[in-house]
Amino acid sequence: MPISTPSSIPPGVKLQDDVIANDLSLKIASLIMRAAGAASESIRTDVGLLFIQFQSEKLAFATRLKHLMRKRGWIKVPPFYLPPGSRHQ
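Residues numbered from 1 in each chain as written. Predicted model: local features only at pLDDT ≥ 70, side-chain atom pairs only at ≥ 80, totals over all residues. Heavy atoms only, no water.

A. Up close: the packing of aromatic side chains. Enumeration according to the criterion identifies one aromatic pair in this entry. Between F51 and F54, the ring centres sit 5.9 Å apart and the planes meet at 90°, which makes this aromatic pair edge-to-face. In this pair, F51 and F54 are both assigned in helix α2 (residues 45–72), three residues apart and thus about one turn of the helix distant. (Phe/Tyr/Trp six-rings, centres within 6.5 Å; stacked < 30°, edge-to-face > 60°. Helix = DSSP H or I, 4+ residues; strand = E, 2+ residues; numbered from the N terminus.)

And the structure:
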């Protein structure tokens with residue numbers, strides 16, 4: 001691999017820490033939902049328990065990630081939904 005320094009990468013090319021953390025939180029949320037779905041669809045109890053264990057590990061990681069994101073101010077709050085025709089006051 002060529003030797004490079006982080007300062008030589010242009011700012012628009014490398015991902016910022018908050019972008020990486022928000023993408024990671026979306027992936028973790030998706031994995032939590034998939035583990036819950038797989039646990040509920042599994043016929044064998046031992047396989048269902050494995051998926052529940054995977055889900056609990058992902059929940060613990062998500063809790064630590066959320067705490068870190070709050071501490072650093074990286075949480076992006078989506079805009080509020082205003083239905084069409086409602087008055088903004």
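Now, onward.
B. The arrangement of the side chain of N22 in detail. Tracing the backbone through its elements, the reader meets N22 in helix α1 (residues 17–41). Among the polar contacts made by the side chain of N22, one reaches the main-chain carbonyl oxygen of D18 at a distance of 2.8 Å. Not counting residues up to four positions away in its chain, the partners in contact with N22 are M69, W74, I75 and K76. (Polar contact = N/O pair within 3.5 Å; in protein donor to acceptor, adjacent residues only side chain to side chain. Contact = heavy atoms within 4.5 Å.)

C. How the structure looks around the pattern of salt bridges. The final tally for this structure, using the stated rule, is one salt bridge. Close ionic contact of D46 with R44 constitutes a salt bridge, the shortest N to O distance being 2.6 Å. Under the relative-accessibility criterion, D46 is labelled partly exposed at 40%. (Salt bridge = Lys/Arg side-chain N within 4 Å of Asp/Glu carboxyl O. Buried < 20%, exposed > 50% of the residue type's maximum accessible area, 1.4 Å probe, protein only.)

D. Layout of α1. Across its 25 residues, α1 extends 36 Å between first and last C-alpha, which sits within 8% of the 36 Å expected from 1.5 Å per residue. Of the positions making up α1, those classed as buried are A21, N22, I28, I32, A35 and A39. Residues of α1 that are buried make contact with α2. (Expected span 1.5 Å × (residues − 1).)

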